[in-house]
Structure formats: structure tokens, C-alpha cells
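Each chain, written out:
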Amino acid sequence: MSKRTIKGMLDPYRVLDLADMECLLCGKLLGDLGADVIKIERPGGDVARRIGPFYHDEADPEKSLFWFAFNTNKRGITLNIETTDGREIFKRLVKSADCVIESFPPGYLDKLGLGYEALEKLNQGIILVSITPFGQSGPYRDYKGPDIVAWAMGGEMYLSGDSDLPPVRVSYHSQAYMHAAVEAAVGAMAALYYRAINGEGQHVDVSVQECVAQVSHQFSTMPWDTNRVIQTRAGGSPSSRVRVTRLWPCKDGYVIFSVSTGIHAKRNNQPLFEWMESEGMADDFLRNIDWDTFDFRTTTQETVDRLEEPIKKFFLLYTSAELLQWGVKHRVQVYPVSTTADIIGNVQLAAREYWVELEHPELATTIKYPGVFAKASEVPLSITRRAPLVGEHNQDIYVGELGFSSEELLILKQANVI
Amino acid sequence: MRKKLFEGIKVLDFSWAAVGPITTKTLSDYGAEVIKIESTSHPDGTRVGGPFKDNIPGFNRSGCFNQWNTGKLSILLNLATPKGLQVAKRLAAWADIVIENFSGGTIERMGLGYEELRKVNPKIIMLSSCMMGQTGPYATHPGLGPLLTALSGFNHITGWPDRQPVGPSGAYTDFMGPRFAMLVILAALDYRRRTGKGQYLDLSQFEGSVHFMAPVLLDYVVNQRVVRRMGNRLSYAAPHGAYRCSGEDRWVAIAVFTDEEWESFCKVIGDPLWTKETKFSTLLARKKNEDELDRLVEEWTISRSAEEVMKLMQAAGVPAGVLQNGEDLQEHDPQLKYRHLYWSLDHPEVGKYTALRPDFVVSKSPYELKRAPLQGEHNEYVLKKILGMSDEEIAELVMEGCLQ
């Protein structure tokens, strides 16, 4: 299988993707924009292939759904850059590439003679994008930073959770590294734009901690900076004396909704109360509230609990999808606290033709994937190819492009170079 | 002085609140000229929302506005007036990129949709970013970051198995959208550089954020499994969690993945007898006894500071990190100080405030953080220097209420 023939905005560019785990998302997005992304894995496959979930729970390097999700549109080769032969092959590939993405510990590529200075000598325009937990420099440069550590050190973790339990991260795969991966793609594109004007590539340095610190800033460093306030996971604004419900159980899960106060209160709350009224679920207490004067800052917890009672009962009658549909119709901002099933079933995503079906011939099936992240009028983004198998394109690249013979490939395979 | 990444790029910014402004902030910090259209009748939500410096409200005192609008030029323009609209169109002719994040259909109704702007600037790149996209049955429905965060599935998978979902803090998806927006804008810019063609970019923040859920979405598609929240547990690591340390609400995250890290961990905590028991000697055994494991780990951390635990663990090659709060991050974190993430900027109304530089740094191009603009601060500069208007023209605009 050769390079994709579908036109994309980044058609002329080749990306060598040495990244692993969630950093794989960087190359994937560049591929969705049309770049020719070659995923370079160690012989036998990268670590991400060991991470679940798995197709039918079969823990096989060719069945990792995590691998599938973050490697669409890429071709895949194996290469052991710790061998001399491997390094020489890599250098040849760099000569004709535009961008190299990597997520090794700082200094690893330098030690192999493949750091930015070395790559620049081979190809003045090469852009090296490095994603690391704390960045290429500094006192924590060599600290280990899996998701829970990066999420904590960037300030997000402290802000989430119930006040009577430890702060809590987002479960499963690393949100922190995904943020860094997308930011790395932005950095790559920025450097590419600079190169077009000024003729030279450069080294893009992305720290996962810093990406998290940007995310947490509004509720971590900003309250501190403006008013020396330390926001905690107990949340709420310092001026609110009452606990107000935001997450409401509904028939099949939860919805998120805030009772409005202030000048828009009547307009925002009225449709809900009218609906409740028509179903016989409103009560006198709710009817008698003067929304022009009602204010969470001056009311009592008792009042809040009392007014929320009938609303709580009402939401339990409907599914989150029903409440969303109703909310859109009446311009009331009530949204599902979606499960993955809810997202797959979401009406808006379906109407936008968001999902993409990709063929997996080896599994004799097609799988539905999240689609492109933006709709472009002139040159659409597209996702057309499933993630590569281990070494799937060794033939195409090594024989087809670099001119190795089949015999040489066999030697390299046995010597653990590819 | 090395050239900036986006030097020479001109941006017309109609956006407000978070996603749009954060997108153009990166452009601005790296040298693009960003003109932000503001109005007194419809102020940017972040100008009226807090937190305010010293708790004193004011259009120019908002922490959010001042962080997300560094280096931009602000012009007050009443787009409801015919002449105000004309000025906007002249700016669209000047610009390379136009960005807006009103709810679907709004900018078209204002007479500033892509088809209109293309007439004055055929090469324009226009990005519309809203919660659910420009088309579809829910296109015009408004929303905010915390709502999209819940809609995108993050709340459901954050929290404890036997408790209500909690979710990452606040408007989590507001910090994803700008990354996707920047990415597609830069791709379009490069495409235009090569071909001369602009285009319209319809960004649904929902469609971007779903990618951060991709692996577990595939789990549902393929295995019909609906994943639930797991506290701080990770299926293939133990210990893995947040452990209480000495002091008020101080915690450290510790994560042990390999045999090596487990041995080092045990050594750091002094090889106590309990670590030698078979019920903790393998990963599977530790997973079976994880509640007890977590209690024992915390018995050690509780009497130490989070910083000390992190230092000792990291020195031994064990992943660990303080759960930093705002003060930790801005005042004490030596790594962020070294990397100069936080910048103190002078501001005529609030004195000094802290802003963050962009999330990526590059070896050959500097960024420059300049303070956020006061409302309408650059009316004269934009109208005179950029659009070349005369004093008479400007006076007319003022009289007709176009510059507010």
C-alpha cells in the first residue's frame, strides 16, 4: 500500500514519528491534515501496542484499540535506532523529511548522535519536535512524569474531586500527554511556517507539565495571582455560601445544568418550569420564587435545597438524550454527562457525519472511529487508513524508496535492526 | 534579533470568552498582529467575569481577560451600525486570518460571514469555532466549557466508582479547542502560502475533544463496554494514587509501573517488613490488595512533606509529583521558574499581573509577552495607522456611535 492519494493541506510534507504512547496523537493529527506520516517503531512494536483496551479483550500487539485510535493515516516501519545500521537508515530518512516527532527522555537522541544539531547538519530545514514530561531543560528535566505525576505537577489534579476524598485524575489514558501532543503539532506547524519564510528548521520543545499548567491556570494560578486565593477541589466561588447542584441524576445517568440567577434567570429558567408545570411536576414553592430578586449569594441552603427538590424529581423522568433535545429546542443549557455510549449515539455528531468507518481486513471487520477535528472548505481533512501493522510498510519504504534489496532486508531483520 | 514565528501575520479577532482568544493569544505572543474587536454594549464575557485583581471589578481588571489577550490590539466597534460594519470589512480586507466563536449562524446574521468577507478578501482564512459546529440540528445551541466537558465524556470518567462523577476542573475543554484551532489555522496558512487559496474552517469544539476520549470510545464500539470512573487507579500499576502528606491538604502522586520502580520505592521508604510480604511482591498481588497497599503507603507519606516525598522518590527513579496548587506553581516550582512559564507584566490599572507564555518553545524564535489591552485602547492606532483613516472620518464614526 502506497502513500495516500487523497489531497490534504499538508500533502508535501513528510513526518517521521518516533513518538510513543499518547504522544502518537501528534503525528496522527498531522496525518489527518494530509501529511505523509511514517510511524517508526522499534522491532516488534512500540510500547503503546501493549496498552488496552483491546479488540475483544485480546491483548495482542495488533489489537490494541489505544494503538488503533492514535495511529490512523500513518504508514508504519520498524527501525532500531540504537544500532549503527539503524541510525544510518534513520539519517537517510531525515534527509528527505520535514519533521521528526519524538517523546524520548531528554538527551536520549543526543546520546545516539541524533539530536537536533546532528539532524540539522543532515537537513537544514528539519523540524524536531520533542515532547517530554518537564521539558528539555531545568532541574526536573530527568524526572519521570507519567500522567498522574504530570497532572499533579501542572496543577489540574489538586482541583478535582470530592472534598472528603483525595484529589482525583481523569481515568484511563493520559489527558496531560494528549494536550501536549496536540500542542506539539501546533509547534511543528509554527516551525514549518517560519521555515517557509526564513529557510531553516528548528527544535520545538513541549513540556507536558506546562501544557497542564495552562489548563489549570484559570483555577490554580489565576485566583492566586489576582487575590492570593488557593482554589481547592471543594470548589465554588469564595463568595457563595450555599452548595448549588450542577450535576443532576436523570433516568439513565446524569445531566449538567445550573439554575440561573440574575437578569437572565427568568428567561433561562422559565422554559424548564413551564415544562415541569405541563407535566404536573412544578410546585408552589417554585412558582412563588421572585427570580428578579433571587440570588444564590444571599439565600439559604434550605431554600436552595427546597427549590431543587422538584427539579431533581423531574430530571429523573427523562434520559439525558431527551433532556438535551428538549434543551436545544427551548434554548435551555442542559447537557448530558455523557458516557462513551452517549457520545457514540449523539444526534449532532451523527448529523455532522462525524464518524468514520475504517477497514481492518485482518480482523474481517470495519470499526467506527472519531472523525476529523475540523471541517475545511477548500481542502477537507480526511481519515482514510487504519493504524499500521508492525513493519507493515517496511517493503514500501526500505525497498521501494531507499533501494534496499530483499536480501538486505532479511539481514537487517535478523540483526534486529528492523 | 531573531524573527518571530508569526511575524507579519495579521489577525482580525471577533472572538470572546476563552477558546477564540486563547487561540489568537498564541498567535499574538509569537508575533502576529491581532486586532480584537470589542464593544461596550456586548463586552467580552471575561471582561465582566472575575476573578478581578484585588476583588475590585472592572473591564480592565479581569484575570481571565488579561491572561488570554496578551499583546493584542483592542478596538471598540459597534457592528450594529452600518459604518461600524464597514470598518470591520476593511479590517477583513487587511487581515490574513479572521476568527470568531459566536454560536452557529450569528456571524452570518451580523453580515460578516465567510461569503461576505470573501468578497472583500478572496484569500481570507476564516475560522469559526463554536461548541457543536456550524451545521446540524444542535448547531445554534449555546454552551460553555464546563458543559462541553460533561458532554464530551470527561466528567463521567473522573471521580470514584461509588460516587457521582466530578470531572476535571471547570472549563476543561476550553483549553483543548484553541490547540485544534491553531493547528488547522496554521495548516490553512501554509496551504495558502503555497496555492494562494484561503478557506473557511468550521471547528466544532465537541469534535476535537472527542479525540481525547478515542481509546475508550473504541472500547464501546468494539466491545460494547461503557467505561466508568476509577478514582486514581490504573489497571497495570500499583501503587498508583494520591497520598496525603504532612500539612493542610497536601498530597503527592506516586506511580509504580515496574519491578525496578517497586524495589526502589521499597528502598526509599526504608524496606519495611510489610513490603516483603507475598501479597505485595508482584503487581497482580498488589492489585488484589490495593486498598491495604494504599493505606500502608500513606502511613509513610503522612509524616513527610509532599516535596520531600517527591524528591526522594524521583532521586531513586520512582515517578512521584506534588499535587501543586496555585501558590506552588507560581511561587515555588523551580522547574517552571527555570523555564520561565510565568511572566509578570506591568498593567496601568492592576499594577502587575502574571501571564503564561505559549505552551511550546522553539529554539530559534523568541516569543514576547505584552500586557492585554485596555478596552478600546488602540482605536486610534488601528483606524489611523492600519486603515489610514483621517481625523474627519474618525470623528464621523464617533458621532454616529460606531466606536463603542
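Rules used in this analysis
Residues numbered from 1 in each chain as written. Chains lettered and ligands numbered in written order. Predicted model: local features only at pLDDT ≥ 70, side-chain atom pairs only at ≥ 80, totals over all residues. Helix = DSSP H or I, 4+ residues; strand = E, 2+ residues; numbered from the N terminus. Buried ≥ 20, exposed ≤ 12 C-beta atoms within 10 Å, placed from the backbone. Contact = placed C-beta atoms within 7 Å. Nonpolar A, V, L, I, M, F, W, Y, C, P; charged D, E, K, R; others polar. Pairing = 2+ DSSP bridges. Core = buried A, V, L, I, M, F, W, Y, C linked by C-beta atoms within 7 Å. Axes fitted to C-alpha atoms, helices over the stretch in contact; angles between N-to-C directions. Expected span 1.5 Å × (residues − 1). Domains from an automatic or database assignment. Parallel < 35°, antiparallel > 145°, perpendicular 65-115°, else oblique. Left-handed = near helix turned anticlockwise from the far one by under 90°.

Points about the overall build of chain A
Then comes step 1: The number of helices and strands found in chain A is 17 helices and 12 strands.
Then comes step 2: Oriented by its inertia axes, the alpha-carbon framework of chain A measures out at about 85 × 50 × 45 Å.

What about the overall build of chain B?
Then comes step 1: Secondary structure summary: chain B contains 18 helices and 12 strands in total.
Then comes step 2: Overall size of chain B, expressed as C-alpha extent along the three principal axes, is 85 × 50 × 40 Å.
Then comes step 3: Each of the 404 residues in chain B was classed as buried or not, and the buried ones make up 57%.

Section: the interface of chain A and chain B
Then comes step 1: Contact residues are listed per partner, giving 120 residues for chain A and 121 residues for chain B.
Then comes step 2: Of the residues that constitute the side of chain A that touches chain B, the class distribution is 71 nonpolar, 35 polar and 14 charged.
Then comes step 3: By the bridge criterion, three bridges tie strand β6 (residues 203-207) of chain A to strand β12 (residues 360-362) of chain B in an arrangement that is antiparallel. Bridge assignment links V206 of chain A to a residue of β12 of chain B, and that residue is F360 of chain B.

Some words on the nonpolar core
Then comes step 1: Within the largest apolar cluster, 236 residues are counted, with the highest numbers of intra-cluster contacts made by C26 and A184 of chain A together with V252 of chain B.
Then comes step 2: The biggest single contributor to this core is helix α7 (residues 175-198) of chain A, with 15 residues.

Some details on the sheet that holds strand β1 (residues 14-17) of chain A
Then comes step 1: The sheet built from seven strands is open, its strands ordered β3(A)-β2(A)-β1(A)-β4(A)-β5(A)-β6(A)-β12(B) with mixed pairing. Either end of the sheet is taken by a strand with one partner, and the two such strands are β3 (75-78) of chain A together with β12 of chain B. For this sheet, the mean angle separating the axes of adjacent strands, direction not counted, is 20°.
Then comes step 2: In this sheet, strand β2 (residues 36-41) of chain A lies alongside β1 of chain A in parallel orientation, the contact comprising four bridges.

Quick word on helix α3 (residues 84-95) of chain A
Then comes step 1: With 12 residues, α3 of chain A extends 17 Å between its outermost C-alpha atoms, agreeing within 8% with the 16 Å of an ideal straight helix rising 1.5 Å per residue.
Then comes step 2: Contacts made by the buried residues of α3 of chain A are with β1, β4 (99-102) and α5 (116-122) of chain A.

Concerning the domain arrangement of chain B
Then comes step 1: Splitting chain B by domain gives domain 1 (10-212 + 343-399) and domain 2 (240-331).
Then comes step 2: In this structure, domain 1 of chain B and domain 2 of chain B have C-alpha centres spaced 42 Å apart.

Description of the packing of helix α1 (residues 19-29) of chain B against helix α8 (residues 177-195) of chain B
All names here are of chain B.
Then comes step 1: Between α1 and α8, the least distance of the axes is 8 Å, while the angle of their chain directions is 50°. What the angle tells us is that α1 and α8 run oblique. Crossing handedness for the pair α1 and α8: right-handed. Residues V19, I22, T23 and T26 of α1 touch α8, and the partners they reach there are G177, P178, A181 and M182.
Then comes step 2: Residues of the contact of α1 with α8, tallied by class, amount to five nonpolar, three polar and no charged.

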